Every structure is written in C-alpha cells, then in structure tokens.
Amino acid sequence: MGSQNYGIDPAVATQIARDIAEVQSLGVETAIVIGGGNIFRGVAASARGMDRATADYMGMLATVINAMALQDALEKIGVVTRVQTAIEMHHVGEPYIRRRAMRHLEKGRVVIFAAGTGNPYFTTDTAAALRAMEIHADVLLKATKVDGVYTDDPKKNPSATRFKHLSYIDVLKKNLKVMDSTAISLCMDNDLQIVVFDSTKRGNVRRVLLGEEIGTVVGRNAARGTKHEGERA
C-alpha cells in the first residue's frame, strides 16, 4: 500500500521484489505467503455485519491480486516466480500442490502462496505457518511495518520496549500481537523459529537471514541462527 490509503503502490512492490532478489542471490530458497489487507480485510468486514465466511473468501481473493502484483514486480527484475493458489483459478496461478511447490524452490524459483489456506476462519498468518511446515522451511519471517515485538504499542506508548527474544509460550501468555494464536501454536508444536522484523527498510530481509540483530526472534530457546545456501525461508 505504501503511503496510499488503499491498493498497491508499484514502488513498494518493486522494493519488496529487490529484497527478495537479494535473498535469492544468497542461494536461499524463498517462499512467500501474502496478505490482502491493502485491498480487503475479511475480519473488518465481518465486524460490520457481513457473513464471516463470505468476507474471508473475499479476503482470499484480495491476496491473489497482491500475489500477481508481486510476481510481476519480481519477474521484471529477472526473478522467476510461480503463484500457487489455495483456491483453484487456473488462468492466474497454479493450484497449490506441495510437491510441485518444493520442486519450484529446488529449481531456484520464488513461490508465492496465495488465497491463504483456502478456508474461512483462518488467517494468512496461519497459512504462512502451515505452508512453512509443508515445505520444511528452516525459518518463518514475519515481515511487518514495525521493527519487532514491543511491550506495548510504540506509537501510543513512547516508553514501550522491544523484545529481542521471546518464547512461543511468552507470546501466547502475554497475548502479544505477533501472529494469531493458531499460527503461534502450530510453530510451537513443530519447533519452527519466527523472526518478526521491519520489511519497509531496504535490505532488512537479507540482514535477517545473515543473522543480524534485527527484529524479535520467537522460538523454543529464541536463539537466532544464520541462514546458509540451500536453506529455505
């Protein structure tokens, strides 16, 4: 969305694409789960009286639009990309097939997973955790607009401090808004480390994967590791 109130800012899509291209150049296999809040938020529409399942399906379709925009930005800079959708729509993307996705990654292609899990009542956070498990990802990166997880909203409370490390249980007990509880529980059950970081700063994706102290690490022991060639994020 960038500085706009709605929609897709091509400059932001290009910046994200360049960050992903840098990661690809390190030899890291990269898969992306994309949201759709810049176009439509199912939960918000449900709160205004729309049927929740209908609103969630509309949100899933919004993620497909974003996936196509990001694919276009990536391919314009030479990064081969495939979009896989949890809801079949053959004219705009492949249906999600786990083994095909893994094969694309092995061949050095970026895979964008769109339409969430394909089911209402599940967020794209949960979709990210689920797809990460399915493709045997080494780490889950939660790209956001803030530089980690804070004790309070830093925009409202200037004295809020950033956590460098958190356990899954800490996140659930403190009700910290990292990801929804289903996604956190799924990562905890499968011991998948999460790094929450500010994706609006150019080059941060690469810095996170190289093990720099950026953002907040959520894990069983919350120790930050460095990614190496051939590993998957």
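Structure: see above.
What counts as what
Residues numbered from 1 in each chain as written. Predicted model: local features only at pLDDT ≥ 70, side-chain atom pairs only at ≥ 80, totals over all residues. Heavy atoms only, no water. Helix = DSSP H or I, 4+ residues; strand = E, 2+ residues; numbered from the N terminus. Buried < 20%, exposed > 50% of the residue type's maximum accessible area, 1.4 Å probe, protein only. Polar contact = N/O pair within 3.5 Å; in protein donor to acceptor, adjacent residues only side chain to side chain. Contact = heavy atoms within 4.5 Å. Pairing = 2+ DSSP bridges. Axes fitted to C-alpha atoms, helices over the stretch in contact; angles between N-to-C directions. Core = buried A, V, L, I, M, F, W, Y, C linked by side-chain atoms within 4.5 Å.

Draft legend 1. Structural detail: the side chain of T216. Here T216 lies in strand β10 (residues 216-219). For T216, a relative accessible area of 0% gives the class buried. At 2.5 Å, the side chain of T216 and the backbone oxygen of F163 are in polar contact.

Draft legend 2. Region of interest: the side chain of Q84. Within the element layout of this structure, Q84 appears in strand β2 (residues 81-85). One polar contact links Q84 to E94, side chain to side chain, over a distance of 3.0 Å. In terms of polar contacts, Q84 uses its side chain to reach the backbone amide nitrogen of I97, at 3.5 Å. Here Q84 is in contact with E94, P95, Y96, I97, R100, A101, H104, V111, I112, F113 and A114, once residues within four sequence places are set aside.

Draft legend 3. Local environment of the sheet that holds strand β8 (residues 165-167). Pairing within the open sheet is mixed, and its four strands lie in the order β5-β9-β10-β8. With one partner strand each, in any of the chains shown, β5 (140-144) and β8 form the two edges of the open sheet. Pairs of neighbouring strands in the sheet enclose a mean axial angle of 20 degrees, with direction left out of account. Here five bridges tie β5 to strand β9 (residues 194-198), and the two strands are oriented parallel to one another. Within β9, the residue paired with K142 across the bridge is V196.

Draft legend 4. Layout of the nonpolar core. If you look at the biggest cluster of nonpolar residues, it comprises 30 residues, and the most contacted ones within it are L140, V178, C187 and I194. Every residue in contact with L140, bar those within four places of it in the chain, is listed here: A128, A129, M179, C187, L192, Q193, I194 and V195. Judged by nonpolar contacts, the second largest core, of 17 residues, contains V64, L74, I112 and A114.

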